Amino acid sequence: MGSIFQIILQRLALGVITLLIVSMVIFVAVNALPGDFAQAILGQGATQEAVAQIRADLGLDQNYFMRYFSWLGNVLTGNLGISFAQMNFASNMGGDQLVGVVEQIAPRFKATMFLAGVTAMFAVPISITLGVLAALYRNSIFDRAVNITTLSSISSPEFFLAYILILVLAVLNPIFPSLSNVYEGMALGEKLNRTMLPALTLTLVVTAHMMRMTRAAIINLLASPYIEMARLKGISPMRVIVRHALPNALAPIINVIALNLAYLITGVVVVEVVFVYPGIGQLFVDSVKIRDIPVVQACCLIFAAAYILLNLMADILSILSNPRLRHPK
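Residues numbered from 1 in each chain as written. Predicted model: local features only at pLDDT ≥ 70, side-chain atom pairs only at ≥ 80, totals over all residues. Heavy atoms only, no water.

Draft legend 1. Geometry of the overall build of the protein. When you go through the protein residue by residue, the secondary structure sums to 16 helices and zero strands. For the protein, buried positions account for 43% of its 329 residues. Put simply, 73% of the contacts in the protein that link residues at least 6 apart link residues at least 24 apart. Accessible surface, the protein as shown: approximately 17600 Å² in total, 68% of it carbon and sulfur. (Helix = DSSP H or I, 4+ residues; strand = E, 2+ residues; numbered from the N terminus. Buried < 20%, exposed > 50% of the residue type's maximum accessible area, 1.4 Å probe, protein only. Contact = heavy atoms within 4.5 Å. Areas by Shrake-Rupley, 256 points an atom, 1.4 Å probe, with all protein chains shown as cover.)

Draft legend 2. Representation of helix H9 (residues 188–221). For H9, spanning 34 residues, the distance from its first C-alpha to its last is only 42 Å, which falls clearly below the expected 50 Å at 1.5 Å a residue. Along H9, the sharpest change in direction is near 45° and occurs at methionine 196; proline proline 198 comes one to four residues later. (Expected span 1.5 Å × (residues − 1). Bend = angle between axes of the 7 residues up to and from the residue.)

Draft legend 3. Focus on the packing of helix H14 (residues 280–289) against helix H15 (residues 293–321). At a minimum axis distance of 9 Å, the contact between H14 and H15 shows a crossing angle of 145°. The chirality of how H14 crosses H15 is left-handed. Contacts from Ile280, Gly281, Leu283, Phe284, Ser287 and Val288 of H14 reach H15 at Val295, Val296, Cys299, Cys300, Ile302 and Phe303. Tallied by class, residues from the contact of H14 with H15 come to ten nonpolar, two polar and no charged. (Axes fitted to C-alpha atoms, helices over the stretch in contact; angles between N-to-C directions. Left-handed = near helix turned anticlockwise from the far one by under 90°. Nonpolar A, V, L, I, M, F, W, Y, C, P; charged D, E, K, R; others polar.)

Draft legend 4. Representation of the environment of serine 153 in the model. Mapped onto the elements, serine 153 comes out in helix H7 (residues 141–155). Separated by 55 residues in sequence, serine 153 and alanine 208 have C-alpha atoms that sit 7.6 Å apart. A distance of 2.9 Å separates a polar atom in the side chain of serine 153 from the backbone oxygen of leucine 204. (Polar contact = N/O pair within 3.5 Å; in protein donor to acceptor, adjacent residues only side chain to side chain.)

Draft legend 5. Focus on the environment of valine 276. By secondary structure assignment, the location of valine 276 is in the loop between helix H13 (269–274) and H14. Owing to a relative accessible area of 46%, valine 276 belongs among the partly exposed residues under this scheme. Along the chain, valine 276 and leucine 179 lie 97 residues apart, while their C-alpha atoms are 6.1 Å from each other. Valine 276 has contacts with Leu179, Ser180, Asn181 and Gln282, leaving out every residue within four places of it along the chain.

Draft legend 6. Looking closely at the nonpolar core. Counting residues in hydrophobic clusters, the biggest one holds 49 residues, and the most contacted among them are Leu197, Met210, Ile218 and Phe275. Residue assignment for this core shows that the elements contributing at least two residues are helix H6 (101–136), helix H8 (158–172), H9, helix H10 (225–232), helix H11 (237–248), helix H12 (250–266), H13 and H15. When residues of this core are assigned to their parent elements, the largest contribution, eleven residues, is made by H6. For isoleucine 218, the residues in contact, after removing those within four places along its chain, are Val132, Ala135, Ile241, Ala245, Leu246 and Ala249. Core analysis: the next-biggest nonpolar cluster, separate from the first, contains 25 residues, Val75, Val269, Ile293 and Leu301 among them. (Core = buried A, V, L, I, M, F, W, Y, C linked by side-chain atoms within 4.5 Å.)

That is the geometry; function is a separate question.
Following this line, the structure appears as structure tokens:
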């Protein structure tokens, strides 16, 4: 057990270092965005003095190093700052109740996690089931049909799939609403109904990866000696795959599932924009438009942290599920 804990600690340390490096990249990339928040707020006719005053009020006149370490120090204490747009609105309207970026992002992140959870409930069981059946009936018509269908869905842009689903399931056959305008306090049934179209779009996108990895991992194990022994004992092909092949193929399957779950959190921007879903992806796009740097940086950092955390979890679960990884030589 000591070696397992050591490997897990090494992975966690690597994750922290990776997140620190990513935070530097995020800060530089966000601050390199074209345009200027002060200029965007004041308009093209603003004087240089007015623009300089707003930049000074927001701390944008400081050098990169001071701003980065100030931002990083605040992040480590749980303070992601105040939205520039909100500060400007409060100054113009005379308000003094400013809500932090954390409070602004929290409901959006919760909505994105709900969408990701609904998608995972569909995508993971469907992908594993199709992968097992495709491996069981490999090179059959069923196997080829599943591969063609999943490859077609993954080869299509997300917005194209989204608009096709809107046309088929919201316009021609009004089963689900075309806009996913969910909100806090909505009944669970209504919330699921409005979330169904974006969830189905994401399911079509991520199913192919998980299904093909499940199929490939199982097929690679079918020539193993213990699989041959199980067949010689007269065990049915389905039981051989489910009871003997699938448990030993968990490591690559867990990795691809984790990568796709990370995508459900970090890659939902296009889908949320198409369906006007009030998640963190929609907030990210709106903030980029107005150069709201604190919100953009916070969204990027959350995306990166979710991606790194899910990859770490997949790595750890792969180690725990595979004795060869627990005891490397």
